[in-house]
Amino acid sequence: MVFNSELLKKIVMVYGPSSREHLIREVISNEIKDHVDELSTDALGNLIARKKGPGKKVMISAHMDQIGLIITDIDKDGFLRFGNIGGISPAVTFSQRVIFENGTVGAIYSEPVEDLSKLKLEDMYIDIGAKTKEEAEMSVSIGDICVYHADYSENSNVVFTPYLDDRVGCFVAIEALKSIQTTENDLYFVFSVQEEVGLRGARTAAYGVDPDFGIAVDVTIHGDTPKAKRFAVGLHKGAAIKVKDNSVISHPVVRERLVHLAKEKGIPYQMEVLEFGGTDSGAIHMNKTGVPSGVISIPTRYVHSTVEMASKEDITNCVALLTAYLEERL
Amino acid sequence: MLLKKLTEACGASGNEKEVRDIIIHEISPFVDSVRIDGIGNVIAYKSGKTPAAGRVMVTAHMDEVGLMIKEIDSAGLLKFLTVGGIDKRVLVSKTVVVGKDKIKGVIGSKPIHLQKRNEWTKVLDINELYIDIGASSREEAEKIVSIGDYAVFDTQYEEFGDDRIKAKALDNRVGCAILVELLKSSIDTEIHGVFTVMEEVGLVGAGPAAYTVEPDVAIILEGTICYEMPDLDTYDIPTVMGNGPAISLVDRATIYDAAFRKRIVEVAEKNNIKYQYRKTSMGGNDSGSIHTSKTGCITTAISVPTRYIHSPLSVISKFDYDNTLALVKAVISDLEKEAL
């Protein structure tokens, strides 16, 4: 399988923080519309793409939304104050550039602090170079949300860019969707909203789809860098099959089938036991009377930074594993 | 007077009956139907002259923060725990009423004379406080109160200054009062008016209510944080008293829909209604449960700025109250014209 760098680069660069996913939704819609039977959007903005089949309903969920910063105040000199949308680290955020939906770019800095390690988001502001409040208000309004503004890079081994979380999951879902010609199963690919603020989109999407099985595709963290916290997932070691995180214990039926398929088809894989965090399966598996659910994770270094890094081999293996899972009759 | 009646009623989370009875009595002649659901929410329907473009639900929670009796000691003093997020620093020496019979009590503690020097500088732990109901033995106390009884602050409604109201539980009887007035008024658009239970202990009632009503659009009415000392920077002030209804941006339970917010602002400007944004992402309200119910819906929260919430007394401005009611009415009549 050829690694489609062009598609990944395109989708990581599209604006779409939690609750403002309309632009990325349009890009993904256009990318997949010729490969699916039905396409719809629900009240919260989830994109739901159906590839019809006679068998069980499977909901595949990759979230479109990104972490970001929401503007809460514009001061008299035109500096912007903000709150977090999702898990924003002050240390990562300090001295980054950010971009708004309308293309306005700003720089993040902080009030003078004695000890940078004690930096809080409340001490920081966005400087868009405006001379006055009035000038700032011509570009930005209270309630606007901005995202990190940084470049996409890659070499033969890895890609590193902001927002692999979870545009790489969207990428894996899109590539699997395109590679499946016919399916025994009734597939609902959901590109979900508001995962970063608490799996909110997956919850309403699951209610609407009412699946028999759920599978989320999302990034997971790493344990393979200098003095990293012990964690048995690393780059270039294959697709990660989740055993648990803080939102879900993968259903053994789903987990064992993924392992079985990986072995059978010679797809490198690793098992993931994560002691915190969560992803869309956390919401899907508790839908209505319960849904057996699992997760395919893309091992990723430096999650929620602007240099999130993943292995091209691992990404390709995740596509292969997801495709294998969806093609066989469940 | 409605707000006096509502704020002087006892209604800690899980014990909303007294508030619910007042509300049902007030609204019944003015709505097409009203019922109580399985968890205790009031769900009312008012048909209006024209159907709305989508199903509109307006909600306010009935419950308030309070205390619950957990033990009666040998001296007849009551040990308690908090129901909802009460600032424990404000409890000492406050008057409360306990149980259905509203037994008067005082929250007591060790006098300052007997406190050790290091106790002066720290807040008394809740285990060091008790409610004194004037009983002198467990047996005597047990005749008038029971373990599991609720207690709420004993605060009288009062108007002061040119424009201010002080009362307990303005969070969220102010939202209830506005919703009652809305349902009693001659609005043209059909709405579902919902008064929820147990918001203060985790948005409990709103989920079942939304599950039943299945709204397309929900408007949550609240009394929200207000704090505006002159030495604060503008970004540290969540809302300003007298600047009108506060429209929410984001909180820990919801990112409010930007398109709906823009429309509300346009409606406010067109109708010359003073408004402000709620400039903090702390807190959360029933919207969190409502917007993720079933296949989801669009929500907004419109709040009356309320000083000293979650304490024995809170303060609002009549100007803000009137403008919140005016804005909600204008938004609902705008929704009649065009769906979101």
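Counting starts from 1 at the beginning of each chain's written sequence and moves along it residue by residue. Throughout, the order in which chains and ligands are written sets their labels, letters from A for the former and numbers from 1 for the latter. Only residues with pLDDT of at least 70 are given local features in this predicted model, and only at 80 or more are side-chain atom pairs given and counted; all residues enter the totals for whole chains, interfaces and linings. Only hydrogens and water are set aside; all other atoms, that is, all heavy atoms of the structure, feed into the side-chain values.

## Observations concerning the pattern of salt bridges
Salt bridge, as used here, is a side-chain nitrogen of Lys or Arg placed within 4 Å of a carboxyl oxygen of Asp or Glu. With the rule as written, the count across this model stands at 34 salt bridges over all chains. The closest approach of N and O atoms between A:Glu31 and A:Lys178, which form a salt bridge, is 2.6 Å. Here A:Lys178 lies in helix α5 (residues 164–179) and A:Glu31 lies in helix α2 (residues 22–32), a separation of 147 residues in the sequence. Summary of the burial criterion: residues with accessible area below 20% of their type's maximum are buried, those above 50% are exposed, and those between are partly exposed, where the area comes from a 1.4 Å probe applied to protein chains only. Here A:Glu31 falls in the buried class, since its relative accessible area comes to 18%. Between B:Asp21 and B:Lys17 there is a salt bridge, and its shortest N-O distance comes to 2.7 Å. With B:Asp21 and B:Lys17 both in helix α2 (residues 17–27), this residue pair falls 4 residues apart, about one helical turn. Its relative accessible area of 36% is what places B:Asp21 among the partly exposed residues. The network of salt bridges with shared partners includes A:Glu38, A:Arg50, A:Lys52 and A:Asp186. Strands here are runs of E lasting at least two residues and helices are runs of H or I lasting at least four, both read from the DSSP assignment and numbered beginning at the N terminus.

## Looking at the domain arrangement of chain B
Residues and elements named next belong to chain B. The split of the chain into domains comes from an automatic or database domain assignment. Per the domain assignment, the segments of chain B are domain 1 (2–64 + 168–337) and domain 2 (66–153). Inter-centroid distance (C-alpha atoms) of domain 1 to domain 2 is 32 Å. With 15 residues of domain 1 at the contact, the number on the domain 2 side is 13 residues. Note on terms: buried area is the combined drop in 1.4 Å-probe accessible area of two parts once they are placed together, counting the loss on both. Across the domain 1/domain 2 interface, buried area totals approximately 1100 Å², and carbon plus sulfur atoms make up 66% of it. Linking domain 1 with domain 2 are 1 salt bridge, by the criterion used here. Polar contacts, as used here, are pairs of N or O atoms within 3.5 Å; protein pairs need one atom able to donate a hydrogen and one able to accept it. Residues neighboring in sequence count only if both atoms are side-chain atoms. Our count for the domain 1 to domain 2 interface comes out at 3 residue pairs in polar contact (both at pLDDT 80 or more). Any residue that is not Ala, Val, Leu, Ile, Met, Phe, Trp, Tyr, Cys, Pro, Asp, Glu, Lys or Arg is counted as polar, Gly included; the first ten are nonpolar and the last four charged. For the side of domain 1 that touches domain 2, the residue count by class is 4 nonpolar, 6 polar and 5 charged. Only heavy atoms enter the contact rule, under which two residues are in contact if any of them lie within 4.5 Å.

## What to know about unusual backbone geometry
For the bond running from A:Asp165 to A:Asp166, omega is 0°, close enough to zero to count as cis. Structurally, the position occupied by A:Asp166 is in helix α5. Cis peptide bonds are those with omega within 30 degrees of zero, and the linkage from B:Asp171 to B:Asn172 qualifies with 15°. Positive phi, close to 70°, is recorded for A:Tyr163, a residue that is not glycine. Here A:Tyr163 lies in the loop between β11 (158–161) and α5. Since its relative accessible area comes to 4%, A:Tyr163 is described here as buried. Phi at A:Lys227 is positive, roughly 55°, even though this residue is not glycine. Topologically, A:Lys227 is positioned in the loop between β13 (213–220) and β14 (239–244).

## Brief notes about the nonpolar core
Counting residues in hydrophobic clusters, the biggest one holds 86 residues, and the most contacted among them are A:Ile126 and B:Phe195. For this core, the element with the most residues is helix α5 (residues 170–184) of chain B, which contributes 9 residues. Working definition of a nonpolar core: buried Ala, Val, Leu, Ile, Met, Phe, Trp, Tyr and Cys residues. They are joined through side-chain atoms within 4.5 Å. Judged by nonpolar contacts, the second largest core, of 56 residues, contains A:Val58, A:Ile60, A:Leu164 and A:Ile298.

## Regarding the sheet that holds strand β6 (residues 95–98) of chain B
Residue and element names in this part refer to chain B. Two strands are said to pair when DSSP picks up at least two bridges between them. Reading around the circumference, β4-β5-β8-β7-β6-β9 is the order of the 6 strands in this closed barrel, with antiparallel pairing throughout. Taken pair by pair, the neighbouring strands of this sheet meet at an average axis angle of 45°, ignoring direction. Sheet topology note: the strand β7 (residues 103–108)/strand β8 (residues 130–132) ladder contains 3 bridges and is antiparallel. Each residue of the ladder has a partner; that of glycine 108, found in β8, is tyrosine 130. Interaxial angles span 0 to 180 degrees and are taken between N-to-C directions of axes, which are lines fitted to C-alpha atoms, for helices over the stretch in contact.

## Some remarks on the packing of helix α1 (residues 5–12) of chain A against α5(A)
All names here are of chain A. It is at 9 Å that the axes of α1 and α5 come closest, and there the two elements cross at 135°. Looking at the two axes, α1 sits oblique to α5. Handedness of the crossing formed by α1 with α5: right-handed. Here α1 contributes Leu7, Leu8, Ile11 and Val12 to the contact with α5, which in turn contributes Leu164, Arg167, Val168, Cys170, Phe171, Ile174, Glu175 and Lys178. Split by residue class, the contact of α1 with α5 holds 9 nonpolar, no polar and 3 charged. Any angle from 65 to 115 degrees is called roughly perpendicular, while one under 35 is roughly parallel, one over 145 is roughly antiparallel, and all others are oblique. Should the near helix be turned anticlockwise from the far one by less than a right angle, the crossing is left-handed, and should it be turned clockwise, the crossing is right-handed.

## Details of the pairing of strand β7 (residues 105–110) of chain A
Residues and elements named next belong to chain A. Residue alternation in β7 divides its side chains into a buried set, Gly106, Ile108 and Ser110, and an unburied set, Val105, Ala107 and Tyr109. For strand β6 (residues 97–100) and β7, the ladder comprises 3 bridges, and the chain directions are antiparallel. By the bridge assignment for β7, arginine 97 is matched with alanine 107. Sheet analysis places β7 next to strand β8 (residues 124–127), joined by 4 bridges and oriented antiparallel. Counterpart to serine 110 in the pairing with β8 is methionine 124.

## A look at the state of the cysteines
Residues and elements named next belong to chain B. Cysteine sulfur atoms that pair up within 2.5 Å are treated as a disulfide. Under the counting rule described, the total for this entry stands at 0 disulfides over all chains. With no disulfide partner, cysteine 10 has as its closest neighbouring cysteine sulfur the one in cysteine 176, 14 Å distant. Note on cysteine 10: relative accessible area 12%, which makes it buried.

## Things to note about the packing of α1(A) against α2(A)
Residue and element names in this part refer to chain A. Following both chains from N to C, one finds α1 and α2 inclined at 155°, their axes separated by 10 Å at the closest point. By the angle between their directions, the pair α1 and α2 is classed as roughly antiparallel. Within the contact between the two elements, α1 uses Leu7, Lys10 and Ile11 and α2 uses Ile24, Val27 and Glu31. Here the residues of the contact of α1 with α2 sort into 4 nonpolar, no polar and 2 charged.

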